[in-house]
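Listed here are the chains, written in short residue letters.
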Amino acid sequence: LSEEKERCAAAGMDDHVTKPVDPDLLIDTVERHLARVGFVPPHESPARAAPGPSSAERAAVLPSFAGFDAAGAARRLGGNEALLGRLLREFLRGFRGHADAIAEALARGDADTAKGLAHALKGVAANLSLEAIRAAADGVETDLRGGLAGNAAARLPGLRAALSPALAALST
């Protein structure tokens with residue numbers, strides 16, 4: 001992460017906000033840099049002031065399962081649990097077979113495809129606050145970046161185990 005910040009600074013960027021984007025951090029960062037040039041933002045931004053839905057409304061829309069931070073994911077989406085529910089259903093459709101696809105790519109010796117699949121899964125899981133999936137996919141991707149395809153393959157049962165509660169909860 002510090003290397004990424006250094007590359008951004010070297011490229012002339014004033015700051016750096018990592019993915020998944022934390023809306024409050026993004027707003028604070030933008031406001032800090034606008035203040036440097038004399039812009040005074042309103043007391044409270046609309047993203048922060050928007051009221052969230054009731055817990056009953058949240059329960060009706062969002063599933064609950066181990067490794068899912070529903071509150072964190074909803075916060076990234078400005079409290080829009082309906083959108084989050086739709087994104088979780090899309091996650092189910094798009095990533096249900098990802099561990100198998102990574103395994104197949106590794107079996108054919110295509111580490112680049114496996115790495116790309118692991119990276120995509122990691123990124124989407126991070127944005128949806130699916131931390132266990134993000135961490136497992138990150139381990140696979142890290143091994144593949146290091147040329148350790150055997151280690152990456154050995155991590156696939158852990159990736160499947162991380163995916164299992166999410167896929168089960170989202171399939172109902």
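> So what about the confidence of the model for the protein? Which residues, and what values?
Counting all residues, the mean pLDDT for the protein is 81, and 74% of those residues have values of 70 or more. Across residues 44-49 the pLDDT falls below 50, and counting only partners more than four positions away or on other chains, this stretch makes eight contacts in the model. Across residues 55-60, confidence stays below pLDDT 50; counting only partners more than four residues off in sequence or on other chains, it has two contacts.

> Break down the environment of glycine 116 for me, with residues and values.
Looking at the element boundaries, glycine 116 is found in helix α8 (residues 111-127). Residue glycine 116 is classed as partly exposed on the basis of its relative accessible area of 38%. Along the sequence, glycine 116 and isoleucine 102 sit 14 residues apart, while their C-alpha atoms lie 8.9 Å from each other.

> Residues and numbers for unusual backbone geometry, please.
Although it is not a glycine, serine 129 adopts a positive phi angle of roughly 60°. Locating serine 129 in the fold gives a position in the loop between α8 and α9 (131-145).

> Quick rundown of the environment of aspartate 138? Include the residues and the values.
Secondary-structure assignment places aspartate 138 in helix α9. Sequence separation between aspartate 138 and lysine 115 is 23 residues; the distance between their C-alpha atoms is 9.6 Å.

> Give a description of the nonpolar core that names residues and reports values.
In this structure, Phe91, Leu130, Ile133 and Leu159 are the most contacted members of the largest nonpolar core, which totals 34 residues. Counting residues per element, this core draws most heavily on helix α10 (residues 149-170), at nine residues. Ignoring anything within four residues of it in the chain, the contact list for phenylalanine 91 reads Arg96, Leu121, Val124, Leu128, Leu130, Ile133, Leu163 and Leu170.

Each value, and the rule that gives it
Residues numbered from 1 in each chain as written. Predicted model: local features only at pLDDT ≥ 70, side-chain atom pairs only at ≥ 80, totals over all residues. Heavy atoms only, no water. pLDDT = per-residue confidence, 0-100. Contact = heavy atoms within 4.5 Å. Helix = DSSP H or I, 4+ residues; strand = E, 2+ residues; numbered from the N terminus. Buried < 20%, exposed > 50% of the residue type's maximum accessible area, 1.4 Å probe, protein only. Core = buried A, V, L, I, M, F, W, Y, C linked by side-chain atoms within 4.5 Å.

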